[in-house]
Every structure is written in C-alpha cells, then in structure tokens.
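# Examination of the molecular architecture
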Amino acid sequence: MPVARLRPISRHIAAVDLHDRFQVAAFLVRHEGGLALVDAGFPGWQYAILTAAESLPQPNRITHIILTNADADHIGGASGVAAHTGATILSSSAERPFIEGQSLASSARGILSRIARQLNQWFVRRRVPPTHVSATLEEGDQVCGLRVLAVPGHSPGQIALAHDEDGVLLCADAFFNVDGRAGHDPVPGMTWDRAAARRSLERIASLGFRDLVPSHGPALLGDGPDRIRRFLDSAG
Ligand SMILES: [Zn+2]
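### Considering the pairing of strand β4 (residues 34–38)
Within β4, five of the five residues are buried, leaving the element largely enclosed by the surrounding structure. In terms of strand pairing, strand β3 (residues 23–31) meets β4 through five bridges, oriented antiparallel. Among the inter-strand pairings, His31 is bridged to a residue of β4, identified as Gly34. In sequence, β3 turns back onto β4 through a hairpin of two residues.

Right, dumping it as structure tokens:
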C-alpha cells in the first residue's frame with residue numbers, strides 16, 4: 001500500500017502524493033462543506049487518501065470526488081472513497097463512458113496510441129473496481145470552489161480545475177513534470193490526440209494562472225506559463 005504525504009499547494013488545496021512506481025497525486029480541496037477530492041490514485045489507494053483527509057482539520061469529510069480523466073491512476077480509489085464517505089462522483093460527460101469501463105483504444109488517434117491504450121486496458125484498467133459517475137460537469141461549471149475547463153488531448157474528455165480564489169490551476173495530465181521538464185505523457189502512445197493536447201496546453205498557458213499543478217510531478221509555481229511555452233516551442 002502506498003504511503004501518502006500531504007503537500008500544501010495553496011490556501012484551499014493540498015496534494016496527496018501517492019508514491020509507488022510512478023509519481024501520482026490526488027488533491028484535497030477545502031470548501032464550505034468539507035473536502036473535494038480531485039482524482040483518486042490507483043486501485044486500493046483509497047485507504048491512504050482517507051487517512052490523509054482525516055488528518056486535516058474538520059470539516060474533513062470528502063463530499064465530492066471529481067475525476068479529471070479515466071486512467072486507472074486517477075480513478076482507481078474513487079469507488080472505495082465513495083463507499084466510505086458517501087461522496088458524489090463527478091466527471092465530464094465525454095470522459096464518463098471511459099470511467100465506467102469503455103476502452104479508449106478504438107477511438108485513439110494513431111496506431112501507437114491504439115496499441116498503448118489496448119495494452120493499458122488489458123493490464124491496468126481492468127483492475128479498477130466498477131465506478132459509477134453520479135453527475136457530469138461541463139466547461140464553466142462551478143463545484144466546491146473549482147471551475148471546470150475542458151482540456152482534451154491526453155483523453156477525449158479530460159478536464160482541468162481552476163481555483164480562482166487561490167489562483168491555482170489543477171491541470172491533470174495536460175502536462176507531466178516527472179523528468180524535470182514539463183511536457184506530454186512520457187509513456188509513448190498514452191496521449192489520445194497529440195494535436196488536441198497541444199491546443200489544450202496553449203490554452204492553459206494563456207489563461208493567466210501562474211501556478212500550474214500537474215497530477216504527475218512537482219507543481220510549476222510562479223512560472224507555469226513560461227515553462228509550458230518553452231516546452232511547446234521545443235516540441236515544435
Ligand atoms: Zn495520469
């Protein structure tokens with residue numbers, strides 16, 4: 001079982017770093033009625049997330065679970081957290097069928113992506129317990145102090161979540177920061193549509209948020225847009 005470490009991001013947001021073979025974070029976001037959980041790590045990681053939430057001052061019940069994309073390292077613990085807390089599971093409508101089990105392989109753009117997605121479905125995704133999305137979110141929706149932005153590319157319905165009061169953007173897998181260089185998913189083929197991913201990154205860099213927080217690797221605090229533009233320039 002992974003050990004969770006809380007990493008403060010801003011006034012309302014803490015990352016739950018779930019260390020395993022990969023750097024994977026979930027996020028606890030304080031709101032009026034308790035906590036929202038953004039993503040839920042790999043299957044079985046609900047225990048570490050619940051322990052992290054319980055270590056925070058009350059009210060610390062997780063009331064909402066917002067899933068940014070359907071990958072196993074984002075949704076694995078969601079049904080377990082929901083069973084324990086009664087939290088509502090939310091996602092974009094475009095991502096919902098993939099969260100609920102549909103394979104991304106058939107719709108992936110390019111042969112490499114199709115193969116990578118098929119292998120992922122066989123070896124990783126099938127370990128995820130059944131996960132039911134209770135309600136869907138769309139661009140511009142507000143939930144628990146977070147504003148929903150569509151950032152497709154890594155997956156068709158991926159969302160980012162802006163905390164306008166804290167000036168922080170939770171970017172999900174719109175970029176990774178695992179090798180000291182902010183960029184696309186380092187696992188070949190795991191980006192569903194690279195052109196869409198690039199457009200989403202251009203959008204993220206132009207929104208005015210200085211603090212950009214990926215789900216994998218350290219946050220870009222203060223210089224987020226510059227780092228993203230540097231990557232886009234180097235990627236051509
Ligand atoms: Zn991920």
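### Regarding the environment of Ala162
Looking at the secondary structure, you find Ala162 in strand β10 (residues 159–163). With 21 C-beta atoms packed within 10 Å, Ala162 lands in the buried category. Between the C-alpha atoms of Ala162 and Val24, which are 138 residues apart in sequence, the distance is 19 Å. Apart from residues no more than four positions distant in its own chain, Ala162 is found in contact with Leu146, Arg147, Leu149, Leu169 and Phe209.

### Considerations on the sheet that holds strand β5 (residues 62–66)
Strand order in the open sheet formed by seven strands is β1-β2-β3-β4-β5-β6-β7, with mixed pairing between adjacent strands. Each having just a single partner strand, β1 (4–8) and β7 (135–137) make up the two edges of the open sheet. Going from strand to strand, the sheet's axes swing by 30 degrees on average, the running direction of each strand aside. For β4 and β5, the ladder comprises four bridges, and the chain directions are parallel. Paired with Leu37 across the two strands is Ile65, which belongs to β5.

### Here we look at the pairing of strand β2 (residues 13–19)
Note on strand geometry: in a regular strand, side chains alternate between the two faces of the sheet. β2 sits mainly inside the fold: five of its seven residues count as buried. Direction of pairing for β1 relative to β2: antiparallel, over a ladder of five bridges. By the bridge assignment for β2, Pro8 is matched with Ala14. Hairpin connection of β1 to β2: four residues between the antiparallel strands. Where β2 meets β3, seven bridges bridge the pair, whose relative direction is antiparallel. Directly across from Ala15, in β3, lies its bridge partner Phe27.

### Observations regarding the nonpolar core
With 72 residues, the main nonpolar core has Val16, Leu37, Ile49, Ile65 and Ala160 as its most contacted residues. With six residues, β3 is the single largest residue contributor to this core. When sequence neighbours within four positions are dropped, the list of residues in contact with Val16 reads Ala4, Leu6, Ala25, Ala26, Phe27, Leu28, Ile49 and Ala52.

### Observations concerning the packing of helix α1 (residues 46–54) against helix α3 (residues 78–85)
Interhelical geometry of α1 versus α3 gives an angle of 50 degrees and a closest axis separation of 8 Å. In this view, α1 runs oblique relative to α3, as classed from their interaxial angle. Crossing hand, α1 versus α3: right-handed. Each of Gln46, Ile49 and Leu50 in α1 lies in contact with α3, whose residues at this interface are Gly80, Val81 and His84. Among the residues forming the contact of α1 with α3, the class breakdown is three nonpolar, three polar and no charged.

What counts and how
- Residues numbered from 1 in each chain as written.
- Predicted model: local features only at pLDDT ≥ 70, side-chain atom pairs only at ≥ 80, totals over all residues.
- Buried ≥ 20, exposed ≤ 12 C-beta atoms within 10 Å, placed from the backbone.
- Helix = DSSP H or I, 4+ residues; strand = E, 2+ residues; numbered from the N terminus.
- Pairing = 2+ DSSP bridges.
- Contact = placed C-beta atoms within 7 Å.
- Axes fitted to C-alpha atoms, helices over the stretch in contact; angles between N-to-C directions.
- Core = buried A, V, L, I, M, F, W, Y, C linked by C-beta atoms within 7 Å.
- Parallel < 35°, antiparallel > 145°, perpendicular 65-115°, else oblique.
- Left-handed = near helix turned anticlockwise from the far one by under 90°.
- Nonpolar A, V, L, I, M, F, W, Y, C, P; charged D, E, K, R; others polar.

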